[in-house]
Structures are given as structure tokens and as C-alpha cells.
Amino acid sequence: MAKQEERDEYISLQVSGMKPTSTNQSKLSHVEVNLYDRSECGASEHLEYVDCGFDGHIYATELYCHGQKTRRVIIKVKTILVNGTSHFSGARMYTSYDHTDQQIKRALHHLLLSKNTRRELDDQFVVPIGIAHVPHGLLHEGIKKANDDCVVGRYEGLIHSTNQASTMLEAYVLPFVRGKLLCNVLRENPAIATRQQIVRGLVSIYRHMYERQIFHCDISCYHFLIDGNQTALIDFQRHVIAPNELAHRQQTQLWQLLFLIGDTCTDTTGDESTMKFGVPMNSCNLRKKGEFDMVSMINGLKPAMNECSFPQNFPWNNQTLESIEQTYKDLALWSNSGHKIDLR
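Keep in mind it's a predicted model, so treat the numbers as computed, not measured. (Residues numbered from 1 in each chain as written. Predicted model: local features only at pLDDT ≥ 70, side-chain atom pairs only at ≥ 80, totals over all residues. Heavy atoms only, no water.)

Asker: Hey, could you run me through the packing of helix α6 (residues 246-266) against helix α8 (residues 324-335) in this one?
Answerer: The geometry of a pair of packed helices is captured by two quantities: the angle between their axes and the separation between those axes. Interhelical geometry of α6 versus α8 gives an angle of 20° and a closest axis separation of 11 Å. Relative to α8, α6 is oriented roughly parallel. Seen from above, α6 lies across α8 with left-handed handedness. Here A247, Q250, Q251, Q253, L254, L257, L258 and I261 of α6 lie close against α8, whose contacting residues are I324, T327, Y328, L331 and W334. (Axes fitted to C-alpha atoms, helices over the stretch in contact; angles between N-to-C directions. Helix = DSSP H or I, 4+ residues; strand = E, 2+ residues; numbered from the N terminus. Parallel < 35°, antiparallel > 145°, perpendicular 65-115°, else oblique. Left-handed = near helix turned anticlockwise from the far one by under 90°. Contact = heavy atoms within 4.5 Å.)

Asker: I tried to follow helix α7 (residues 294-306) on my own but got confused; where do I start?
Answerer: Because each turn of an α-helix spans 3.6 residues, side chains separated by three or four positions in sequence point in the same direction. Its 13 residues place the ends of α7 18 Å apart at the C-alpha level, agreeing with the 18 Å of an ideal helix rising 1.5 Å per residue. M297, I298, L301, A304 and M305 are the residues of α7 that are buried. In an axial view of α7, the angular spread of the buried residues amounts to 130°, which keeps them on one side of the axis. The inward-facing, buried residues of α7 abut α6 and α8. (Expected span 1.5 Å × (residues − 1). Buried < 20%, exposed > 50% of the residue type's maximum accessible area, 1.4 Å probe, protein only. Arc of directions from axis to C-beta.)

Asker: Which parts of the structure should I look at to understand the sheet that holds strand β9 (residues 180-181)?
Answerer: Working definition: the strands of a sheet are paired by backbone hydrogen bonds and lie parallel or antiparallel to each other. Pairing within the open sheet is antiparallel, and its three strands lie in the order β9-β11-β12. A strand with exactly one partner marks an edge of an open sheet, and here the two such strands are β9 and β12 (230-233). Across two bridges, the pairing between β9 and strand β11 (residues 224-227) is antiparallel. Residue L181 lies in a different strand from β11, and its bridge partner there is L225. The sheet contacts of helix α5 (residues 192-212) involve β11 and β12, and relative to β12 the element is tilted by about 40°. (Pairing = 2+ DSSP bridges.)

Asker: What is the right way to read the side chain of Q124 from this model?
Answerer: Tracing the backbone shows Q124 in the loop between α2 (99-113) and β7 (130-135). When near neighbours in sequence (up to four residues on either side) are disregarded, Q124 contacts G201, S204, I205, Q230, T231, A232 and L233.

Asker: Help me understand the state of the cysteines in this model?
Answerer: Working definition: the covalent bond between the sulfur atoms of two cysteines is a disulfide. Counted by the stated rule, this structure contains three disulfides. A disulfide bridge connects C265 with C308, and the sulfur atoms are separated by 2.0 Å. Its S-S torsion of about -100° marks the bond between C265 and C308 as left-handed, since a negative value means left-handed. Separated by 43 residues along the polypeptide, C265 in helix α6 and C308 in the loop between α7 and α8 bring together distant segments of the chain. In this structure C265 comes out as buried when scored by relative accessible area, which is 3%. (Disulfide = S-S within 2.5 Å.)

Asker: How should the side chain of Q102 be read in this particular structure?
Answerer: By the element assignment, Q102 lies in helix α2. Residue Q102 is classed as buried on the basis of its relative accessible area, which comes to 12%. Discounting residues that sit within four places of it in the chain, Q102 has contacts with Y36, Y97, I131, E170 and Y172.

Asker: Looking at this structure, I do not really get the pattern of salt bridges. What am I missing?
Answerer: Pairs may arise between side chains of opposite charge once their charged atoms sit close together. Using the criterion set out here, one finds seven salt bridges in the structure. The salt bridge partner of R238 is D218, with a shortest N-O separation of 3.7 Å. Within this pair, whereas R238 is found in the loop between β12 and β13 (240-241), its partner D218 is found in the loop between β10 (214-215) and β11, the two being separated by 20 residues in sequence. Residue D218 is classed as buried on the basis of its relative accessible area of 10%. Through salt bridges with shared partners, a single ionic network connects E48, E62 and R72. (Salt bridge = Lys/Arg side-chain N within 4 Å of Asp/Glu carboxyl O.)

Next up, the structure:
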């Protein structure tokens with residue numbers, strides 16, 4: 001994977017090393033924030049540039065609601081290519097997310113994190129929680145301070161293409177989540193207990209997406225953050241909500257989970273090119289029954305999953321994978337054997 005691709009879309013290792021900065025509360029009026037499930041909120045105008053991805057820049061700041069500081073958040077600003085032919089060359093400029101995309105992200109938040117979800121799920125899905133109306137001039141000030149190979153030479157002179165420092169851009173507000181990329185965690189050859197905890201998180205994340213009929217469509221070890229006992233999935237830019245295509249897509253997503261588990265239990269390189277189980281992860285292409293050689297795949301997965309050394313072995317049988325719902329239940333029981341947790 002190219003160096004640029006290792007720069008995470010949302011939160012990189014630079015973030016995990018950042019320390020919260022003090023913020024003057026009098027500066028709040030510059031950034032209006034409309035959260036999906038909360039009113040009377042705003043953000044500090046102290047926007048700290050963090051990192052950039054292919055389709056946006058990441059800033060960190062403090063969120064205030066009813067005059068009280070509530071949490072640290074990420075402001076993600078959309079960028080578009082204005083001069084060049086690829087993500088690796090050419091200049092880009094800031095723009096607002098269009099209203100159609102905003103409606104899609106609001107629906108995603110409602111499906112994944114509505115009030116009837118388990119509390120711990122809030123930390124497992126890094127999705128937009130609202131919209132920030134950011135003055136263009138604040139972004140220009142933040143970018144000028146960045147000494148970053150993703151920025152230098154691409155934005156200087158294009159950053160104020162609107163020619164109005166006061167122009168408001170609509171950007172996404174996301175939770176500020178710390179952690180290391182799954183790829184990097186696996187490179188450290190973690191202990192069995194750590195691998196077990198990661199597997200539990202993966203199963204919880206995929207089971208919840210199954211229940212809510214959501215397909216991520218861009219799975220990668222670069223899109224999972226690991227922080228202690230917490231596993232979080234990021235970058236929902238390509239996600240699909242598709243109940244009408246539930247069966248085929250759910251089968252594909254279940255295989256993705258099984259291969260991720262196999263890799264997590266056995267891999268020591270964190271290199272996607274050397275992982276033992278390969279499947280198209282970065283698309284929602286339908287996979288029909290019979291396209292996979294299930295027998296050989298299961299024969300490979302059995303010993304790999306056993307390397308995680310859970311107290312119980314996974315109950316493979318002739319009906320495994322025939323019922324997707326039952327397979328998720330079996331995976332939850334298997335990965336939580338010997339671990340007290342609410343499996344409802």
C-alpha cells in the first residue's frame with residue numbers, strides 16, 4: 001500500500017499522540033454546530049489541523065453545548081480536485097458537503113446510533129454526529145500552520161478560491177477517537193488476549209451492521225482503530241443501506257468478518273498483501289452462493305480461528321453460514337466465551 005494510503009481518512013497515529021489544548025470559551029461564536037440529536041451547541045474557533053485524506057482535511061477542536069465543554073471532536077472538511085489527474089498529484093480546494101450527502105450521513109447516524117442501541121456502540125462507529133458551519137478564513141489560518149507533505153504545494157493559493165474569508169463551509173462533526181490502526185497493531189505481534197479483544201470488537205461491529213442492514217463497502221485494516229479494549233470502524237464514505245439486496249450482500253460482509261478474524265488471530269505483519277485470507281473488501285459487489293469455494297475456505301479458517309485460543313471452539317457444522325443470523329450469534333458466543341458481556 002502506498003504511503004499516501006496509509007494516511008488514515010479520519011484519524012491517524014498523529015491524532016493518537018495529540019494532547020487536548022486549552023480553549024478560550026469566548027471564541028465559540030465563530031463555529032456554529034448543529035448536532036443530529038442535540039441543540040444549542042457550538043465549537044471553538046481554535047481549529048487544530050490534524051491530517052488529510054483523499055477527500056478531506058481533518059481538524060480537531062472542542063465542542064460546547066449549553067455553554068459547557070462536552071467533548072473533543074473532529075471537523076472534516078471536504079476537498080475537491082481542481083488541478084491534476086490523481087489523488088497523488090494536483091491541487092485541491094475546500095468545498096461544502098452537498099445536502100444529499102448530508103441527508104445520507106444523517107440517516108446513517110440514526111440507523112447505527114439511535115437511542116435503542118447498546119451504549120458501547122457509540123465508540124465503535126466513527127460516523128458524523130452533526131454539521132459545522134465553518135468560516136473559510138479559519139481553515140485558511142489552520143492550513144498555513146501545517147507542515148505536511150499532503151498540504152504543501154497543493155493548497156497555497158487555492159485555499160481561498162472563494163475569495164471571501166467569511167464564506168461559510170458545511171463540514172461534518174465526528175467523535176474524536178484515539179487509537180492505533182489495526183495494521184500497525186498486528187505488526188506489533190500482540191498477545192492472545194489483545195487479539196481476542198479485537199475479535200470481540202469486530203464481531204460486535206459486524207453484527208450491528210447486519211441488524212441495521214448497513215454495508216461499509218470499504219473494509220481495510222486501515223479503517224479499524226484499536227485503543228485498549230476498544231475497536232472502532234471508521235470511513236463510511238462508501239457505505240450502502242440496501243435492505244432489498246440483503247441476502248447476497250450480507251453473505252459477502254459475513255465472509256469479510258470471518259477473514260478479518262482469521263487474519264487477526266494469525267497475522268503478524270499487518271500487511272494486507274500477505275494476509276492469508278483474501279476477499280474483495282473495498283466494494284459492495286454482490287457475491288452469489290457458489291462463487292466462493294466454501295469448503296476450502298472453512299478448512300483454512302478453522303485452524304486460524306483456533307489460534308485465538310478462546311475457551312470454546314467455534315461450532316462449525318453443515319448449517320454454518322446458511323443462516324447468517326445464527327452465524328452471528330455463534331460468533332458472539334464463541335468470541336465471548338469466558339468473557340462476561342451482554343450478548344443481547
